[in-house]
Amino acid sequence: MTYRLFEGKEHASSYWKYRISPSDHLIQQVLAFLEKQKGGPYELAVDVGCGSGQGTVLLAKHFASVVGTDVSPAQIEMALQHAKEPNVTYRHCVAEELPFADSSVDLMTAMSAFHWFDRPRFLKEAHRVLKPHGCLALLNYTIDMELSYPDCCSQTLNDICKEFYEALKPYRSPHLGVSSIELYREAYNSIPYPDKEWKECVWVKRPIPLSSYMGLVESFSSYQRLLREDPQKATELSRDICQKLMSVMRVSSEDTEVVLAVKYFYLLARKPQEA
């Protein structure tokens, strides 16, 4: 079954504001695989589980048409509110029943979403809609994000981050298992296509305000579950972690800029001609 955990309007708004999108380097890796395995023309890309569309729009300049799909009406509404590219549209549907014809899609992506799908059904559906030599790209990042700040001990800073992540572990969905990366490895091994790639430990760094780091972690499903079950505990946890980080950094403002390092992994696969 598909897990539906990002559907409230407030959560969708937080998702848009704080969630990070893949770097240009990662998108280029996907496009390079597509170019090598299929080549142009690039007519249609579909981004499944698009959320509020941060990753979807990164594909716009490379394809004649890009469609983002999501099971959440609130996420689609948020994506539409920020839609600017004329060749990007959004559809409300489940990942396992996509409104596309057989063999019609050049590239299908799922950016930090595949782990929530009914994975065997989605992979079967992806196979149906991909063109021969069309490509599938599944990207995600691990929760063990790291922070750095000038003249500050990175280990001390990240020990506090780890404290945050550990506090949220009891609220993690059992659907994800101990680590979502294992679900992607399983998918890689199960996909019968001969042409496929697996990469992990791809670090991406970007400067963001400390408040945005806090908002990012607070947008995670585990924090949102804690917030639903015990709002006071969730608020106190977040406030305590933020205060500890600012104390170590010797700053008084949550708007202080830090460098966030995120560890990505991804799976790329090409549908064979004869499939």
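All of the points below concern the structure found in this document. Values in this document were obtained by computation on a predicted structure and should not be read as measured data. Per chain, residue numbering runs from 1 following the sequence as it is written. Selection of residues for local features in this predicted model requires a pLDDT of at least 70, selection of side-chain atom pairs for listing and counting requires 80 or more, and totals for whole chains, interfaces and linings are taken over all residues. Note that water and hydrogens are dropped before the side-chain values are worked out from all heavy atoms of the structure.

Nine residue types can take part in a nonpolar core, namely buried Ala, Val, Leu, Ile, Met, Phe, Trp, Tyr and Cys, and a core is a set of them joined through side-chain atoms within 4.5 Å. For each residue, the accessible area found with a 1.4 Å probe, counting protein chains only, is set against the maximum for its type, and the residue is called buried under 20%, exposed over 50%, and partly exposed in between. The biggest cluster of nonpolar side chains holds 58 residues, and the ones touching the most others in it are Leu107, Met145, Leu147, Phe164, Tyr213, Leu245 and Leu260. Considering every element that reaches this core, the biggest residue donor is helix H9 (residues 231–249), with 7 residues. Core analysis: the second largest hydrophobic core is formed by 31 residues, Val48, Val105, Leu136 and Leu183 among them. Only DSSP runs of H or I with at least four residues qualify as helices, and only runs of E with at least two residues qualify as strands; both kinds are numbered from the N terminus onward.

The next subject is the pattern of salt bridges. Salt bridge criterion: a side-chain nitrogen from Lys or Arg within 4 Å of a carboxyl oxygen from Asp or Glu. Scanning the model with the defined rule gives 14 salt bridges in all. Lys131 is paired through a salt bridge with Asp106; the nearest N and O atoms lie 3.1 Å apart. With Lys131 in strand E5 (residues 130–141) and Asp106 in strand E4 (residues 105–111), this pair connects stretches of sequence that are 25 residues apart. Under the relative-accessibility criterion, Asp106 is labelled buried at 0%. Overlapping salt bridges bring together Lys38, Glu43, Asp106 and Lys131 as one network.

This part takes up helix H2 (residues 24–37). A rise of 1.5 Å per residue sets the reference length of H2, with its 14 residues, at 20 Å; its end C-alpha atoms lie 20 Å apart and thus fit the reference within 8%. The set of residues buried in H2 consists of Leu26, Ile27, Val30, Leu31, Phe33, Leu34 and Gln37. Buried residues of H2 fall within an arc of 155° about the axis and therefore sit on the same side. When the buried face of H2 is taken as reference, the exposed residues oriented beyond 90 degrees from it are Asp24 and Lys36. Expected span of a helix, by definition, is 1.5 Å for each gap between consecutive residues, and there is one gap fewer than residues. What the arc measures is the spread of directions leading from the helix axis to the C-beta atoms.

Negative phi is the rule for most residues except glycine; trans is the rule for most peptide bonds. Between Gly40 and Pro41 the backbone carries a cis peptide bond, its omega angle lying at 0°. The topology assignment puts Pro41 in the loop between H2 and strand E1 (44–48). At His133, a residue that is not glycine, the phi angle is positive and equals roughly 75°. Counting through the fold element by element, His133 comes out in strand E5.

A separate point is the pairing of E1. Burial of E1 is extensive: 5 of the 5 residues sit out of reach of the surface. Side-chain alternation along E1 places Leu44, Val46 and Val48 on one buried face and Ala45 and Asp47 on a second face that is also buried. Two elements, E1 and strand E2 (residues 65–70), share 5 bridges in a ladder whose sense is parallel. Among the inter-strand pairings, Val46 is bridged to a residue of E2, identified as Val67. Relative to E4, E1 runs parallel, the two being bridged by 3 bridges. Each bridged residue has a counterpart across the sheet, and for Val46 the counterpart in E4 is Met108. Two strands form a pair only when DSSP identifies at least two bridges running between them.

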